[in-house]
Every structure is written in structure tokens, then in C-alpha cells.
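A look at the structure
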Amino acid sequence: MNSIVFAKRLKYLVAFAFLLLLEACGLDTFYYLDPPITDGHTSYYTTEDGIYRYFSFVTNEESSLGDNDQYFSSSSELIFLGTEVYYKIYNNYSTMVSVENAIDSLNSSSSNYAAAAESLIESRGYKPLKFSSGSFVPLVEAGSSPNNRHVYIRLSDYGTEVDYSKGICISSQPMDRYLPANALMHNGQPVMPRRYINSSYGFNFGQDDNNPLPKNGDADVNYSGSSSESGSWYVDMYAVSVGRDTSYSTSYSKVLFLGSVKILESDYSD
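Here the residue numbers are simple positions, counted from 1 along each chain's written sequence. Local features in this predicted model are restricted to residues of pLDDT 70 or higher, and side-chain atom pairs are both shown and tallied only at a pLDDT of 80 or more, whereas totals for entire chains, interfaces and linings draw on every residue. The basis for every side-chain value is the complete set of non-hydrogen atoms in the structure, without hydrogens or water.

Digging into the packing of aromatic side chains
Pairing of aromatic rings covers Phe, Tyr and Trp, the last through its six-membered ring, and needs centres within 6.5 Å; plane angles under 30 degrees mean stacked, over 60 mean edge-to-face, and all others mean tilted. All chains considered together, the criterion is met by 15 aromatic pairs. With centroids separated by 5.2 Å and ring planes inclined at 85°, the aromatic side chains of Phe131 and Phe136 adopt a geometry described as edge-to-face. A connected cluster of aromatic rings, assembled from ring pairs, spans Tyr87, Phe203, Phe205, Tyr223 and Trp233. Criterion for a charge above a ring: Lys NZ or Arg CZ within 6 Å of the ring centre, and within 35 degrees of the ring normal. The cationic tip of Lys130 hangs over the ring face of Tyr196; the distance from NZ or CZ to the ring centre is 5.6 Å.

As C-alpha cells, then:
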């Protein structure tokens with residue numbers, strides 16, 4: 001028996017034993033979901049070259065990379081809904097890094113697979129993206145059968161080239177730039193990422209009325225009285241697999257850290 005097969009069987013046994021324990025105690029049923037997969041790219045707020053200020057990952061649906069494929073069956077009590085992304089805007093990167101470390105610690109715990117996701121959403125106030133048009137909940141919805149997809153997200157424009165313009169792309173192949181042919185579409189138009197607080201608000205901070213500066217009190221902002229650098233904002237992002245059972249309870253996987261990007265007001269001011 002090779003190590004991969006053994007690891008998968010061991011995971012099944014641990015999850016099954018935990019399920020039996022919960023049922024015996026009369027508690028909510030536990031479901032294990034595999035998290036999304038890194039494509040090798042993680043963005044960091046320290047990156048100076050704007051070409052690399054994007055987020056990307058691979059959804060985890062096919063059996064070769066996990067067990068989420070079993071939740072596509074009509075007989076399953078848990079249905080795989082898809083893959084969601086959550087973000088938060090900071091004006092102090094030290095605060096952001098502290099949160100990242102706390103989430104990473106929760107993500108490493110084997111006692112509660114959903115602890116990191118629940119902390120992000122319920123305690124830390126991370127929010128899902130909104131969109132220029134359409135509603136995608138979760139962002140990458142599950143199809144009729146398991147199918148891994150590559151996802152590319154650039155929140156703000158870098159320069160004037162189409163390759164590095166804001167947008168969301170979904171494809172069967174890896175992407176490191178915006179490709180119109182792979183753009184997420186709604187009613188024949190490409191969908192742009194928007195802030196949770198207003199589907200008209202973009203991330204070109206300070207460019208115009210549709211790209212207002214984040215401020216204290218915004219639901220998607222962690223605002224510190226001491227900014228790391230005047231005119232600089234930091235956006236932190238994670239991806240997570242999502243499922244829902246027959247009682248309409250939502251289940252989450254461990255989270256995948258997609259990284260953080262630095263957005264400068266000076267890039268969009270006259």
C-alpha cells in the first residue's frame with residue numbers, strides 16, 4: 001500500500017470515528033471537506049512588482065486530489081457547493097500578519113477542520129467578494145460532476161495592459177494574467193471583483209467615486225489608528241471549500257492562504 005492511499009484511508013477512519021462519537025453524543029454531524037489546492041503562487045504584500053499582485057488557486061473536486069467528489073452524489077447527505085474566497089482590507093500590515101499567524105495555527109489543528117474558516121468569517125470578519133454583475137455564491141460553484149478548475153483574481157489594475165487589468169478568470173489551465181477568453185461572465189459581460197459593502201465599489205482605491213478609500217467602520221476593513229504607511233492598503237485573501245447538508249447546515253474545509261497584496265492610492269490618483 002503506497003503512502004498516499006494509506007493517508008487517505010487513515011483520514012477516512014479518523015473522520016468516521018469522529019462521526020460515530022458525535023452521533024453517540026447527539027451532536028451535529030461532522031463532515032470532512034478537502035481544502036482548495038495551491039497552484040504554486042502565493043502573493044505577498046512585500047512584493048514590489050505589480051505584475052505578481054494577484055491571487056490564484058485550484059478548486060479541489062476530483063478524486064485524485066481528495067475526497068470531495070463523494071459529495072456530488074445525490075445520495076450524499078452533504079452536497080459540495082463549491083469554493084468561496086474571503087478577504088479583508090487592512091491599513092496596518094503587522095495587524096494583518098498577526099491574524100494570518102492565528103489562522104495558520106487554527107488551520108494546523110486536527111481537532112476541528114473548520115476552525116480556521118469559522119474564525120475568519122465569524123470572529124475576524126472576512127467577507128466574500130461581490131461582483132460588478134451577477135451573483136456567484138460561492139464564487140466557483142460546483143458543476144454537475146467533479147471538475148477541478150484554476151482560478152485567477154486580480155483586484156486592482158496594474159498599468160494599462162489588459163494582461164494586468166482587474167478581473168476574475170476560471171479555466172482548466174493555470175493562469176498568471178488576465179485572459180479575456182477565460183473571464184468569469186454574466187449576461188455576456190466580464191465580471192469584475194467588487195467590495196462586499198457595495199457592488200459598485202472597486203479596489204482601485206482613490207481613483208474615483210466608484211473606488212472610494214477604505215475607512216474605519218467599513219465591514220470589510222480592519223482599521224488601525226496607526227497606519228503602516230500613508231496611502232497604502234493591504235488586502236488579505238483565503239479560499240475554502242464549502243458544503244451543505246440536508247438540514248441546511250454549512251460545512252467548511254481548512255482554508256487555503258492565497259496571500260496578500262499591497263494597493264497604493266498613488267497608483268490611481270491624478
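Section: the pattern of salt bridges
Basic side-chain nitrogens of Lys or Arg form a salt bridge, by our definition, when they fall within 4 Å of a carboxyl oxygen of Asp or Glu. Enumeration over the complete set of coordinates arrives at 9 salt bridges. Two residues, Arg149 and Glu61, come together in a salt bridge whose shortest N-O distance is 2.7 Å. Of this pair, Arg149 sits in the loop between strand S5 (140-141) and strand S6 (150-154) while Glu61 sits in the loop between strand S1 (55-58) and strand S2 (78-90), and the two are 88 residues apart along the sequence. In this structure, Asp157 and Lys166 form a salt bridge, with 2.9 Å as the shortest nitrogen-oxygen distance. Beyond isolated ion pairs, a larger network of salt bridges with shared partners links Arg195, Lys215, Asp218 and Asp220. A run of H or I in DSSP counts as a helix once it spans at least four residues, and a run of E counts as a strand once it spans at least two, with each numbered from the N terminus.

Let's talk about the side chain of Ser119
Mapped onto the elements of the fold, Ser119 is located in helix H3 (residues 115-123). In this scheme, a residue with accessible area under 20% of its type's maximum is buried, one over 50% is exposed, and one in between is partly exposed, where area comes from a 1.4 Å probe on protein chains only. Looking at Ser119, the relative accessible area reads 11%, which means it is buried.

Comments concerning the pairing of S2
With 11 of 13 residues buried, S2 is to be regarded as a mostly interior element. Should DSSP find at least two bridges between two strands, the strands are taken to pair. The sheet contact formed by S2 and strand S12 (residues 232-245) spans 12 bridges and is antiparallel. Within S12, the residue paired with Phe80 across the bridge is Gly243. Where S2 and S5 come together, 2 bridges link them in antiparallel fashion. Within S5, the position partnered with Thr83 by the bridge is Val140. With 2 bridges joining them, S2 and strand S3 (residues 127-128) adopt antiparallel strand pairing. Paired with Tyr87 across the two strands is Lys127, which belongs to S3.

Quick word on H3
Among all positions in H3, only Ala115, Ala116, Ala117, Ser119 and Leu120 are buried. Residue contacts follow a heavy-atom distance rule, with two residues in contact if any of their heavy atoms lie within 4.5 Å. Buried residues belonging to H3 abut helix H2 (93-107), S12 and strand S13 (250-264). Positive phi appears at Gly125, one or two residues downstream of H3, with a value of about 75°.

A few points about the environment of Ser227
Residue placement: Ser227 occurs in the loop between strand S11 (221-222) and S12. The spatial distance from the C-alpha of Ser227 to the C-alpha of Thr95 is 9.9 Å, given a sequence separation of 132 residues. Setting aside its immediate chain neighbours within four residues, Ser227 contacts Asn91 and Asn92. Think of a polar contact as two N or O atoms within 3.5 Å of one another; within protein, one of them needs to be a possible hydrogen donor and the other a possible acceptor, and neighboring residues in sequence only count if both atoms come from side chains. Among the polar contacts made by the side chain of Ser227, one reaches the side chain of Asn91 at a distance of 3.1 Å.

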